[in-house]
Amino acid sequence: MYFWDSILSATSLAMDAFAISMCIGATTSGARWASGLRLGLICGAFQFFMPFLGWLGGEFAASYISAFDHWIAFGLLAAVGGNMIRESWNRAETEIYDEDPTKKITLLYLALATSIDALAVGASFGISKRPVFALAAASGAITAVLCFVGIYIGRLAGCKIGKKVEAAGGLVLILIGLNILREHLL
């Protein structure tokens, strides 16, 4: 069961970076395979390491909050998922840019911004005493591949589909949080 939670969580976490990569592909005239490779490697690395950091914090706090840890795990997942859904509705349409943001410090900001959710989900895994390696490995790998592919999909489809993908990822995280509550309360 933990394996599938890890895969679903990892896929959901990758949706932010995937949506961003599609928007970069749609709005940047110079976005090519090298852009996808840079974005995929950096975002994938952040998505790999952030769950470990969150898990360590969650493991540390677990002994202090064991009576209500499932509520915290649900709250974190619901907050992250809800925020992803909210952001997908509020993201403005963008214009075409000549400069590729994957060639600047912006790349690190994008990687950090899209991996903060992975920190929170890693903490929820630590709090609920779930193993984190499968989450981290899957999150890093799935994010890397989706960012690379997302540049090309963005060039074809634009940012509108990215909003829907991000909202779907948020919904999956909320459903995983509800599953954690169901397991602990029943």
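Remember, predicted model here, so these are calculated numbers, not experimental data.

S.K.: Explain the pattern of salt bridges to me, please; I cannot follow it from the model alone.
M.R.: Pairing between side chains of opposite charge can happen when their charged atoms approach one another. Per the stated rule, a full pass over the model turns up one salt bridge. Between aspartate 5 and arginine 130 there is a salt bridge; the shortest N-O distance is 2.3 Å. Here the residue aspartate 5 occupies a position in helix H1 (residues 2–27), and arginine 130 occupies one in the loop between helix H4 (106–127) and helix H5 (133–157), the gap between them amounting to 125 residues. Among the residues examined, aspartate 5 registers a relative accessible area of 4% and is labelled buried.

S.K.: I would appreciate a short explanation of the packing of H1 against H4 in the present structure.
M.R.: Between two packed helices, both the angle of their axes relative to each other and the distance between the axes serve to describe the pair. Close contact between H1 and H4 brings their axes to 10 Å; oriented N to C, the two are set at 170°. Classed by the angle they form, the pair H1 and H4 counts as roughly antiparallel. In this structure, H1 contributes Asp5, Ser6, Ser9, Leu13, Asp16, Ala17, Ile20 and Ile24 to the contact, and H4 contributes Leu110, Thr114, Asp117, Ala118, Val121 and Phe125.

S.K.: Can you walk me through the nonpolar core in this structure?
M.R.: A general feature of soluble globular proteins is that nonpolar side chains tend to end up buried together. Leu13, Leu77, Val121, Leu135 and Leu173 are the most contacted members of the largest nonpolar core, which totals 21 residues. For this core, the elements supplying multiple residues, two or more each, are H1, helix H3 (69–90), H4, H5 and helix H6 (160–185). When residues of this core are assigned to their parent elements, the largest contribution, five residues, is made by H1. Ignoring anything within four residues of it in the chain, the contact list for leucine 173 reads Ser9, Ser12, Leu13, Leu77, Val80, Gly81, Met84 and Val121. In terms of nonpolar packing, the next biggest core, distinct from the first, is built from 10 residues, Ala17, Ile20, Leu107 and Leu110 among them.

Rules used in this analysis
- Residues numbered from 1 in each chain as written.
- Predicted model: local features only at pLDDT ≥ 70, side-chain atom pairs only at ≥ 80, totals over all residues.
- Heavy atoms only, no water.
- Salt bridge = Lys/Arg side-chain N within 4 Å of Asp/Glu carboxyl O.
- Helix = DSSP H or I, 4+ residues; strand = E, 2+ residues; numbered from the N terminus.
- Buried < 20%, exposed > 50% of the residue type's maximum accessible area, 1.4 Å probe, protein only.
- Axes fitted to C-alpha atoms, helices over the stretch in contact; angles between N-to-C directions.
- Parallel < 35°, antiparallel > 145°, perpendicular 65-115°, else oblique.
- Contact = heavy atoms within 4.5 Å.
- Core = buried A, V, L, I, M, F, W, Y, C linked by side-chain atoms within 4.5 Å.

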